[in-house]
Amino acid sequence: MYTQALDVPQQNPDKGPRAVENPEYQAEFDAKIDAGGYIEAKDWMPEAYRKTLVRQISQHAHSEIVGMLPEGNWITRAPTLKRKAILLAKVQDEGGHGLYLYAAAETLGVSRDELLEALHTGRAKYSSIFNYPTLTWADIGVIGWLVDGAAIMNQIPLCKCSYGPYARAMVRICKEESFHQRQGYDLLLAMMKGTQEQREMVQDAVNRWWWPSIMMFGPHDKDSPNSAQSSRWGIKRISNDDLRQKFVDATVEQAKVLGVTMPDPELKWNAERGHHDFGAIDWDEFWNVVNGHGQGNVDRLAARVKAWEDGAWVREAALEHERKRAAREHQAA
Amino acid sequence: MERKEWPLWEVFVRSRNGLDHKHCGSVHAPDAKLALQVARDVYTRRQEGVSIWVVQADHIVASDPDAKPELFDPAEDKIYRHPTFYQLPDEVNHM
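- By the naming in an unreviewed UniProt entry, chain B is 1,2-phenylacetyl-CoA epoxidase subunit B, taken from Aromatoleum toluolicum.

If you want it as structure tokens, here you go:
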């Protein structure tokens, strides 16, 4: 999902959970996890748990703010004032989601600047989905429907993850995410009631976004080496393949109502399994994009870095303004 | 260039009159005025609040999680502090 790069081998792999670091604390920690309890910021936690959370939450945060770019691309070209207001609100939400998540990551003892530095230098990953271009207005609808729809599937279980600050951030995010998916579907419904050209535009966007969307759930369970440990820690509640299946099953009906087809000839109902079967995923493409060779990787990161650097003088001036104000107050006292 | 991060502020929001301010998250801001402004944008985009408090995070004094046993365990065996400890005759037990 937004943290799919957790499956990329790390450059400096941890030496494994430091389980015996403090047996007494570890036992307490395990008991809390087993009882379905929450770990809070100042509680003792194994170093590997902390590191995994920093990676996961920050990847998630990076995905939210990089996700603003492909959609922000369409704000000035929204077809009506109503759609523009909706898109502005959605993009603002994504920025907010990034902030909730950075704040949650910071409770684990990393600074906001360190996290952003990791993103800007390419050390940290964000979701590969945002490296695909948004070619037409229909893409904005399809992103809401499929990309945010997939995100919701993945994020609902995270509302109950074992780390309190992350779980609470996810509760806020999930409440807002539903608006994102529904406005996207609503936008597409409007286009499907339009001209033949508009309907073709929607189908074309679905064709381009379908496979990347179901890739968002990450590698198959058998190829997801870190999943078992994350499940043990209560960070991951449902497996990649189970979530993907749930998403495919839910989406098929929505596509029918909309009047589009998925670009997968093997997609069909399997009565025996009680689920839809679907074709093989092109994992080479997935890893290619995760590893930085997608259509938009270079542009996205460059836009992020430029925004950060262009804003530097504002951040500095605001601090200096406060320093002077405090000095004046001090003098007057 | 020297990296200077804006300080961290904790945000408390009263969702409506009659309720307490409740901690809802944190923001970075250079001063109190902007901290309020940012908190409004981040935490009350959908009418979640009627009042906001912000306090610089390093001004908060918190209890040590390791001190949990000595701080909170002593209350555990003082069940006589709860009304249900007292079994009264049926006729007056709703007291």
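### Considering the overall build of chain A
Then, in step 1: The helix and strand tally for chain A stands at 13 helices and 2 strands.
Then, in step 2: Taken over C-alpha atoms, the radius of gyration comes to 22 Å for chain A, in line with the 20 Å a tight globule of 333 residues would show.
Then, in step 3: Its C-alpha atoms give chain A principal-axis dimensions of about 70 × 55 × 35 Å.
Then, in step 4: For chain A, the proportion of its 333 residues judged to be buried stands at 51%.
Then, in step 5: Partitioning the contacts of chain A with sequence separation of at least 6, the portion at a separation of at least 24 is 79%.
Then, in step 6: When the accessible area of chain A is evaluated, it comes to approximately 15,800 Å², of which 56% is carbon and sulfur surface.
Then, in step 7: When the 40 positive and 46 negative side-chain charges of chain A are each reduced to one mean point, those points stand 4 Å apart.

### Here we look at the packing of aromatic side chains
Then, in step 1: Taken as a whole, this structure holds 15 aromatic pairs over all chains when the rule is applied.
Then, in step 2: Note on A:Tyr25 and A:Trp44: the rings are 5.9 Å apart at their centroids and 55 degrees apart in plane angle, and the pair reads as tilted. One end of the pair, A:Tyr25, is in helix α1 (residues 23–34); the other, A:Trp44, is in the loop between α1 and α2 (47–66), with 19 residues separating them in the sequence.
Then, in step 3: The class of A:Tyr25 is partly exposed, set by a relative accessible area of 26%.
Then, in step 4: Plain terms: the ring middles of B:Phe12 and B:Trp53 are 6.5 Å apart, the flat faces sit at 55 degrees to each other, and that makes the pair tilted. In this pair, B:Phe12 is assigned in strand β1 (residues 8–14) and B:Trp53 in strand β3 (residues 51–56), connecting sequence segments 41 residues apart.
Then, in step 5: Every member of this aromatic cluster is reached through a ring pair, and the members are A:Tyr25, A:Phe29, A:Trp44, A:Tyr49 and A:Trp233.
Then, in step 6: Looking at A:Arg77, its charged tip hangs above the ring of A:Trp74, at a distance of 4.0 Å from the centre.

Rules of the game
Residues numbered from 1 in each chain as written. Chains lettered and ligands numbered in written order. Predicted model: local features only at pLDDT ≥ 70, side-chain atom pairs only at ≥ 80, totals over all residues. Heavy atoms only, no water. Helix = DSSP H or I, 4+ residues; strand = E, 2+ residues; numbered from the N terminus. Rg over C-alpha atoms; globule rule 2.2 N^0.38 Å. Buried < 20%, exposed > 50% of the residue type's maximum accessible area, 1.4 Å probe, protein only. Contact = heavy atoms within 4.5 Å. Areas by Shrake-Rupley, 256 points an atom, 1.4 Å probe, with all protein chains shown as cover. Lys, Arg positive; Asp, Glu negative; His and termini not counted. Charge placed at Lys NZ, Arg CZ, Asp CG, Glu CD. Phe/Tyr/Trp six-rings, centres within 6.5 Å; stacked < 30°, edge-to-face > 60°. Lys NZ or Arg CZ within 6 Å of the ring centre and 35° of its normal.

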